[in-house]
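Structural description and commentary
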Amino acid sequence: ASTNNGISNATNVIVEDIIPDGFKFVKSSDDAYDNATGLLKIGSINVGESYEFTITMEAVSKGTLTNHVSVTCNENSTAASDDATVDVAALVLDVTKTASEMTIGNNSEVTFTIVVNNTAKGTATEVVVSDAIPEGFEFVSANVDPDEIKDNTCTWIIPTLANGTAQTIEVKVRSKETGVWTNVANVTCKQNPEAVSDDASVEVVPVKLIIAKEANKDIVGNNTSVIFIIAVENVGAADATGVVITD
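As the structure is a prediction and not an experimental result, all values here were calculated from the model. (Residues numbered from 1 in each chain as written. Predicted model: local features only at pLDDT ≥ 70, side-chain atom pairs only at ≥ 80, totals over all residues. Heavy atoms only, no water.)

**Quick word on the overall build of the protein chain**
Spelled out, the test is: Here a helix means four or more residues in a row that DSSP labels H or I, a strand means two or more in a row labelled E, and each is numbered from the N terminus. As a reference, a globule follows 2.2 Å times the number of residues to the power 0.38, and the radius of gyration itself is taken over C-alpha atoms. Categorising residues by exposure relies on relative accessible area from a 1.4 Å probe, with only protein chains included: less than 20% of the type maximum marks a residue as buried, more than 50% marks it as exposed, and the intermediate range marks it as partly exposed. Note on contacts: a residue pair is in contact if any heavy atoms of the two residues lie within 4.5 Å. With residues, only the protein chains shown are counted as cover, and all accessible areas are computed by Shrake-Rupley using a 1.4 Å probe. Only four residue types enter the charge count: Lys and Arg as positive, Asp and Glu as negative, with His and the chain ends excluded. Charged groups are reduced to one reference atom each: NZ for lysine, CZ for arginine, CG for aspartic acid, CD for glutamic acid.
Assigned secondary structure in the protein chain consists of zero helices and 20 strands. Taking 247 residues into account, the globule formula puts the C-alpha radius of gyration at 18 Å, and the protein chain, at 34 Å, lies well above it. Along the three orthogonal principal directions, the C-alpha set of the protein chain runs to about 130 × 30 × 25 Å. Going through the 247 residues of the protein chain one by one, you find that 27% of them count as buried. The contacts in the protein chain between residues at least 6 apart in sequence include a share of 67% that link residues at least 24 apart. Surface accessibility of the protein chain: about 15100 Å² in total, with carbon and sulfur atoms responsible for 47%. Of note, the protein chain has its 14 positive side-chain charges centred 9 Å away from the centre of its 35 negative side-chain charges.

**What about the confidence of the model for the protein chain?**
Definition in use: The predictor rates its confidence in each residue with pLDDT, a number between 0 and 100.
Residues of the protein chain with pLDDT of at least 70 account for 96%, and the chain-wide mean is 88. Averaged pLDDT values over the elements of the protein chain bottom out at 54 in strand β1 (residues 2-3) and peak at 97 in strand β11 (residues 109-117).

**Remarks on the sheet that holds strand β17 (residues 179-189)**
Filter applied, for reference: For two strands to count as paired, DSSP must find a minimum of two bridges between them. Only the contacting stretch of a helix is used when fitting its axis, a line to C-alpha atoms as for every element, and angles between N-to-C directions run 0 to 180 degrees.
Read from one edge to the other, the open sheet built from six strands follows the order β10-β18-β17-β12-β15-β14, with strand pairing classed as mixed. Across the chains shown, the open sheet's two edge strands, defined by having one partner strand only, are β10 (103-105) and β14 (148-150). Between one strand and the next, the sheet's axes are offset by a mean angle of 25°, whatever the strand orientation. When strand β12 (residues 124-132) meets strand β15 (residues 153-161), the two strands line up antiparallel, connected through eight bridges. Counterpart to A132 in the pairing with β15 is T153.

**Description of the sheet that holds strand β4 (residues 39-45)**
Taken in spatial order, the four strands line up as β4-β2-β7-β8 in an open sheet, and their pairing is antiparallel. At either margin of the open sheet sits one strand with a lone partner, and together these are β4 and β8 (76-88). The mean angle between the axes of side-by-side strands here comes to 20°, regardless of whether they run parallel or antiparallel. Where strand β2 (residues 10-16) lies against strand β7 (residues 63-73), three bridges are found, and the strand directions are antiparallel. Paired with I14 across the bridge in β7 is T72.

**Comments concerning a negative patch on the surface**
What counts here: A patch is a set of surface residues, each over 30% in relative accessible area and not in a salt bridge, joined within 9 Å for like charges and within 5 Å for the nonpolar side chains Val, Leu, Ile, Met, Phe, Trp and Tyr. We count a salt bridge whenever a side-chain nitrogen from Lys or Arg sits within 4 Å of a carboxyl oxygen from Asp or Glu.
A cluster of acidic side chains, namely D145, D147, E148 and D151, defines a negative patch on the protein surface. Inspection of the secondary structure puts D145 in the loop between β13 (137-142) and β14. With a relative accessible area of 63%, D145 lands in the exposed category.

**Looking at the pairing of β17**
Sheet topology note: the β12/β17 ladder contains five bridges and is antiparallel. Its bridge partner being in β17, V128 is matched across the sheet by T188. Strand direction decides the pairing type here: β17 and strand β18 (residues 192-205), joined by ten bridges, are antiparallel. Residue W181 lies in a different strand from β18, and its bridge partner there is V202. The turn linking β17 back onto β18 is made up of two residues.

**Thoughts on unusual backbone geometry**
Even without a glycine there, the phi angle at N107 is positive, about 65°. For N107, a relative accessible area of 56% corresponds to the exposed category.

**Digging into the nonpolar core**
Stated formally: The term nonpolar core refers to a set of buried residues drawn from Ala, Val, Leu, Ile, Met, Phe, Trp, Tyr and Cys, joined through side-chain atoms within 4.5 Å.
The biggest cluster of nonpolar side chains holds 29 residues, and the ones touching the most others in it are L93, I114, V116, V127, V129 and F137. Filtering out sequence-adjacent residues up to four positions away, V129 remains in contact with I114, V116, C154, T155, W156, I158, I169, N186 and V187. Listed in part, the eight residues of the second largest apolar core include Y33, F53, L65 and V88.

**Re the side chain of D30**
Test applied: Two N or O atoms count as a polar contact when they lie within 3.5 Å, although within protein this holds only if one can serve as hydrogen donor and the other as acceptor, and sequence-adjacent residues are included solely when both atoms are side-chain atoms.
Tracing the chain through its elements places D30 in the loop between β3 (23-28) and β4. As a buried residue without a salt bridge, D30 has its nearest oppositely charged side chain in K41, at a separation of 13 Å. A polar contact of 2.2 Å, which involves the side chain of D30, links it to the side chain of Y51. Here D30 is in contact with L40, Y51 and F53, once residues within four sequence places are set aside.

**Looking at the pattern of salt bridges**
Opposite charge on two side chains permits them to pair, given that their charged atoms come into close proximity. Enumeration over the complete set of coordinates arrives at five salt bridges. Residue E58 pairs with K190 through a salt bridge whose shortest N-O separation is 3.6 Å. One end of the pair, E58, is in strand β6 (residues 55-59); the other, K190, is in the loop between β17 and β18, and 132 residues separate them in sequence. Classification of E58 by relative accessible area gives partly exposed; the value is 26%. A residue is classified by how much of its surface remains accessible, and K190, at 42% relative accessible area, is partly exposed. Of the charged contacts in the structure, one is a salt bridge between R174 and E109, with a shortest N-O distance of 3.0 Å. With R174 in strand β16 (residues 166-175) and E109 in strand β11, this residue pair connects regions lying 65 residues apart in the sequence.

This is the structure:
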């Protein structure tokens, strides 16, 4: 704000506020402000009156950034000035990745959960979450539809993630090959393109079933009942699903 505290009216009042390095001009409340030169020609300010306008800038780099403003008029060519300093910290998001099971059988499903949490001071925009599904799995579904699935990588774009809020994404996959497979999630945002990541590993093991059959009698007569007992045991390291017995 520019205030005339003198004893006569000020004419040809010119404010200079150059956009400093580290900031990008967004808008001004006075359309007459020229963000290229940093100049605003106000005209006259009578004694005791003030003129106030705002400039909105976007921080595009981190560090301690200072914005300097000065004002002159015909009646006093010596500039009056002031400045304001802002500390811009990198906006870092937290991401955690967990699996619903640590060990599963082949052709079984497991759910990976991704939680993106904004614990920073500001709002994160254009948040990109990418989940590279390892080759031992195939995508089945997700609680939030991916914006893109390419080369077995699912990508979600979150327009805004306010401070203190989180986004949870659950990805269901099906195993198709034995081994230890690691699923990695990466997160970036407009305010910090450096990715943060977390991972979770699942071991896919072969399921081994054994079957035994016996009769309750070794010898029976004609037209006599006999009971056959069938026992199936899972001696593998993972649960067996969709078990079918044919007799």
